[in-house]
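So the chains spell out like this:
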Amino acid sequence: MPPWTELATEKKQRQLKSIPQEWLVSTPPDSTLDVTGFPETCGLLTAREIEITNTSVDVLLEKLACGEWTAVDVTTAFYKRAIVAHQLVNCLTEIFVDRALARAAELDDHFKQTGKVVGPLHGLPLSLKDQICIEGLETTMGYISWIGRYAEKNAVLVDVLIECGAVPFVRTNLPQTVMWPESFNNIFGRTTNPYNRSLTPGGSSGGEGALVALKGSPLGVGSDIGGSIRIPSAFCGLYSLRPSCGRVPYCGALNSLEGQDSVHSVFGPMTNSVGGVKAFMKAVVNAKPWLKDPLAVRKKWQEDEYNLADHGSGKDLCFAIMWDDGVVVPHPPIRRSLEITKAALEKAGHKVVDWKPIKHRLLADTTARSYRNIWNAASAEDYMITTSVTGEPIIATMELDNSNAAAAPFRPKKIGITAYQLWQVQKLRRDIRKEYLDHWEATISETDTGRPVDAIICPASSYAATPHGKNRYTNYTTVWNALDYPAATFPVTTVDPTLDVKMPRHVFYDDFDKGIYGMYDPETFKNAPICLQLVGRTLEEEAVIKMTEIVDGALAAVK
């Protein structure tokens with residue numbers, strides 16, 4: 001047995017010991033695929049705890065602020081449900097019950113003595129992806145080589161959230177390297193999708209996606225360099241936001257490709273309501289994170305932007321739907337969700353036009369999909385140096401059976417590129433960003449509002465949650481990272497084999513597109529959630545949140 005496996009076993013045993021024994025339950029067999037109803041029927045949670053964990057973030061904050069619910073009661077309820085979720089889908093990494101409850105008790109004492117909340121997120125339990133450092137805890141990021149590395153201080157975002165009154169209470173699973181759209185590593189193993197455990201929850205924030213979907217956390221923080229917030233949110237039926245670079249502080253967190261300073265990873269919220277997205281973003285940016293992180297943008301919450309001052313105050317909006325990206329045609333359930341959304345918006349009085357994507361294949365190639373791209377410049381060396389400490393193998397596939405697994409197109413080649421070659425790719429990306437800006441501005445001729453298109457609505461993926469190892473195309477999200485556009489996800493429907501019949505296609509963009517078409521079987525994807533993205537312009541987070549609320553309201557009105 002190689003030494004690295006002993007390290008992993010020991011770490012996993014320590015994790016198991018951190019779970020209160022009285023919170024262990026008898027879980028359903030592996031053959032039970034949909035486990036979303038199990039937490040409420042397992043017998044561990046009281047009726048009040050079920051009520052608490054089914055409550056949206058904005059209502060939770062109201063009840064905590066008026067003293068109706070205590071921080072200890074809310075944290076306990078979510079902790080118990082999180083532990084149940086972990087036993088079902090393997091979503092947690094760090095579990096620190098006593099520490100979280102002590103923090104909650106401090107908040108309750110403050111409220112009792114002063115009658116005031118500590119901050120806008122007072123008493124709210126928050127789950128964090130396992131790259132966001134918390135003082136005194138290990139942060140492995142899925143690497144065995146990082147077992148035993150205890151953080152000497154909090155990441156800036158943790159300090160900001162604590163200042164806002166939040167209660168960090170668990171950390172969540174992710175893939176080794178974090179550069180995968182699924183969630184598996186050699187320490188904690190594989191996270192599965194609670195709607196269908198034979199499917200992936202996505203990644204790299206897959207632990208967050210699965211946990212929040214099971215309501216084991218009211219709000220999780222994921223990271224996103226190519227879709228790692230939006231893909232698991234889409235696969236697990238959640239609201240989320242990939243903000244523009246610098247809006248949420250990143251300083252003090254761990255990451256792969258550190259020093260790659262072109263397409264940045266960003267942190268953002270994942271939750272069960274769009275109100276939760278707003279509460280998180282408003283609290284974080286109003287805490288002046290630029291005083292703690294030199295790369296954070298100096299921009300507090302702009303209420304006029306949230307009220308759509310630049311978008312006709314939200315009346316008679318014009319949305320553009322991107323039916324496909326010119327590279328891969330989405331599966332039938334994705335197409336149906338776009339049609340549902342278009343009809344709902346038109347019924348609500350908004351205009352809908354088609355979005356014509358430009359250079360999406362080239363944007364993907366500059367970022368992740370070709371030999372000469374930004375991520376590939378030195379990522380293989382980065383992974384090799386990190387894993388060499390213990391000899392841990394670099395994971396090459398997320399497939400259950402890797403004997404015939406094909407290499408994913410976004411994985412790095414063994415040889416990087418020169419600094420000069422990297423500069424040329426970065427220059428190309430810069431030039432395409434200007435072209436895309438001009439392209440968006442030119443849509444003023446199509447809208448009849450006197451403004452360009454207000455937002456783009458598009459797939460978050462070309463398919464619903466895939467079988468493990470099959471999530472091979474991420475450009476429906478990655479392109480917006482390359483452009484640094486904020487993008488939210490919102491749920492629309494679920495895969496219905498009766499409605500989402502596989503239709504014959506005779507024309508394909510290329511063999512890769514044909515392969516994605518061949519993946520689709522309605523029964524395989526049955527019951528999987530379908531979410532879409534709403535995309536705005538750089539640093540337009542407030543408007544993106546408000547327009548997502550408008551779309552969400554339009555969809556609710558037709559259900």
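Everything in this summary refers to the structure shown in the same document.

Cut-offs and rules
Residues numbered from 1 in each chain as written. Predicted model: local features only at pLDDT ≥ 70, side-chain atom pairs only at ≥ 80, totals over all residues. Heavy atoms only, no water. Helix = DSSP H or I, 4+ residues; strand = E, 2+ residues; numbered from the N terminus. Rg over C-alpha atoms; globule rule 2.2 N^0.38 Å. Buried < 20%, exposed > 50% of the residue type's maximum accessible area, 1.4 Å probe, protein only. Contact = heavy atoms within 4.5 Å. Lys, Arg positive; Asp, Glu negative; His and termini not counted. Charge placed at Lys NZ, Arg CZ, Asp CG, Glu CD. Pairing = 2+ DSSP bridges. Axes fitted to C-alpha atoms, helices over the stretch in contact; angles between N-to-C directions. Salt bridge = Lys/Arg side-chain N within 4 Å of Asp/Glu carboxyl O. Parallel < 35°, antiparallel > 145°, perpendicular 65-115°, else oblique. Nonpolar A, V, L, I, M, F, W, Y, C, P; charged D, E, K, R; others polar.

**Considerations on the overall build of the protein chain**
And then number 1: From N to C terminus, the protein chain includes 19 helices and 13 strands.
And then number 2: At 22 Å, the protein chain has a C-alpha radius of gyration in line with the 24 Å of a compact globule built from 559 residues.
And then number 3: Along the first, second and third principal axes, the C-alpha atoms of the protein chain reach 60 × 55 × 50 Å.
And then number 4: Within the protein chain, the fraction of its 559 residues that count as buried is 61%.
And then number 5: Sequence separation of at least 24 residues holds for 80% of the intrachain contacts in the protein chain that already meet a minimum separation of 6.
And then number 6: Separation between the mean location of the 58 positive side-chain charges and that of the 65 negative ones in the protein chain comes to 2 Å.

**A few points about the pairing of strand β2 (residues 125-129)**
And then number 1: Counted residue by residue, β2 has five buried out of five residues, so it is predominantly covered.
And then number 2: Here β2 shows a buried face lined by P125, S127 and K129 and a second buried face lined by L126 and L128.
And then number 3: Two strands pair when backbone bridges link them, and β2 and strand β3 (residues 167-172) are joined in this way by five bridges, in the parallel orientation. By the bridge assignment, L128 is partnered in β3 with R171.
And then number 4: Summarising the sheet, β2 and strand β6 (residues 219-224) pair through two bridges and their orientation is parallel. Its bridge partner lying in β6, S127 is registered against G220.

**Side note on unusual backbone geometry**
Glycine aside, a negative phi is what most residues show, and trans is what most peptide bonds show.
And then number 1: The amide bond that connects G203 to the next residue, S204, takes the cis arrangement and shows omega of 10°.
And then number 2: Note on placement: S204 falls in the loop between β5 (189-190) and α8 (206-213).
And then number 3: Within the chain, D316 stands out as a residue other than glycine whose phi angle is a positive 50°.
And then number 4: Inspection of the secondary structure puts D316 in the loop between α11 (303-306) and β9 (318-321).
And then number 5: With a phi close to 65°, D448 is a non-glycine residue in the positive phi region.

**Focus: the sheet that holds β9**
Strand pairing in a sheet relies on backbone hydrogen bonds, with the paired strands running either antiparallel or parallel.
And then number 1: In space, the eleven strands of this open sheet follow the order β1-β3-β2-β6-β8-β7-β12-β13-β11-β9-β10, with mixed pairing throughout. If you trace the sheet from one side to the other, it starts and ends with β1 (92-95) and β10 (351-354), each paired once. Ignoring strand direction, the axes of neighbouring strands in this sheet form an average angle of 30°.
And then number 2: With three bridges joining them, strand β7 (residues 239-242) and strand β12 (residues 487-494) adopt antiparallel strand pairing. Bridge assignment links R242 to a residue of β12, and that residue is A487.

**Some details on the pattern of salt bridges**
And then number 1: Evaluation of the coordinates by the stated rule reveals 30 salt bridges.
And then number 2: As a salt-bridge pair, D454 and R451 come within 2.9 Å of each other at their nearest N and O atoms.
And then number 3: A relative accessible area of 1% means that D454 is categorised as buried.
And then number 4: Bridged by salt links that share partners, the residues E10, K11, R14, E94 and E138 form one connected network.

**Focus: the side chain of S379**
And then number 1: In this structure, S379 sits in helix α14 (residues 379-387).
And then number 2: Filtering out sequence-adjacent residues up to four positions away, S379 remains in contact with L257 and P412.

**Digging into the packing of helix α15 (residues 419-441) against helix α17 (residues 475-483)**
And then number 1: Packing of α15 against α17 brings their axes to within 9 Å, and their N-to-C directions diverge by 100°. The angle between α15 and α17 falls in the class roughly perpendicular. Facing α15, whose interface residues are R429, R433 and Y436, α17 presents W480, N481, A482 and L483.
And then number 2: In terms of residue class, the contact of α15 with α17 is built from four nonpolar, one polar and two charged.

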